[in-house]
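# What the coordinates show
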Amino acid sequence: MTFYPGSPSIMSYLSDKDDKLSFYELHKNEFQLLRKYLSKKINSKTFNTNGFEFLLQKINSKVKTLVLIDPSYEIKDDFEKVVKTLKILDEEYENVTAMIWYPVLNIENNDFFIENIRKLGSNRITRIELPLKKYNEEIGMKGSGVILFNGSNFLINNMKDCVKELFQIFKDENCNIKPKIQRI
């Protein structure tokens, strides 16, 4: 593969001309590449700022909206920002569906992150986690997760099927941890 499409490319591909897409990229070089890549997409806007700032836009609460949050987690408080964003979404946005990607780096921090989300007390949050390596290995990313906010049963069921297939394709042969899909 000579080009890594990334989530903006995937979302752009899956959208139709009536969808309005807003993409946020914090890093200047990546922003320039993103803006160039999406320049011919008339339904796309790009912003050179932190993606968590999408909440500063006036989201029409009557229009169904999908938000994909895919931070780098290079900034230490990104995990906290995810929890704060979920709290705001739960309190203020009825028609927003959000998918938030997160890395599984170590089990202790991952459990702390998930517990902080649980404490929000929302019944609209689903955890989808795909382990790729044994969690007791010392270095590297052990897997990936998605927090799905306000996802329909149809979407959750499709995600279950997708995660099972991805697990079989990508798991390390020594990985004995099963994917997690649960309301939290």
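These remarks concern the structure in this document. (Residues numbered from 1 in each chain as written. Predicted model: local features only at pLDDT ≥ 70, side-chain atom pairs only at ≥ 80, totals over all residues. Heavy atoms only, no water.)

Along its 15 residues, helix H3 (residues 78–92) runs 21 Å from first to last C-alpha, staying within 8% of the 21 Å computed at 1.5 Å per residue. If you check which residues of H3 are buried, you get Asp78, Val82, Val83, Thr85, Leu86 and Leu89. Down the axis of H3, the smallest arc covering the buried residues is 160°, so these residues share one side. Relative to its buried face, H3 has exposed residues pointing more than 90 degrees away, namely Glu80, Lys84 and Glu91. Each element contacted by the buried residues of H3 is listed here: strand S3 (65–69), strand S4 (96–104), helix H4 (107–118), strand S5 (125–131) and strand S6 (143–149). (Helix = DSSP H or I, 4+ residues; strand = E, 2+ residues; numbered from the N terminus. Expected span 1.5 Å × (residues − 1). Buried < 20%, exposed > 50% of the residue type's maximum accessible area, 1.4 Å probe, protein only. Arc of directions from axis to C-beta. Contact = heavy atoms within 4.5 Å.)

Before going further, it helps to spend a moment on the pairing of S6. By the criterion of burial, S6 is predominantly enclosed, with 6 of the 7 residues buried. Here S4 runs beside S6; their pairing, made up of 7 bridges, is antiparallel. Directly across from Met99, in S6, lies its bridge partner Leu148. With 7 bridges connecting them, S5 and S6 associate as antiparallel partners. Of the residues in S6, the one forming a bridge with Ile128 is Val146. (Pairing = 2+ DSSP bridges.)

Here we take up the sheet that holds strand S7 (residues 180–183). One open sheet accounts for 5 strands, arranged S3-S4-S6-S5-S7; its pairing is mixed. The sheet terminates laterally at S3 and S7, the two strands that pair on one side only. Sheet twist, expressed as the average angle between the axes of neighbouring strands with direction ignored, equals 15°. Across 5 bridges, the pairing between S3 and S4 is parallel. Looking at S4, one finds that Ile69 is bridged to Ile100. In this fold helix H5 (residues 153–170) packs onto S4, S5, S6 and S7, with an angle of close to 10° to the strand it touches most, S5. (Axes fitted to C-alpha atoms, helices over the stretch in contact; angles between N-to-C directions.)

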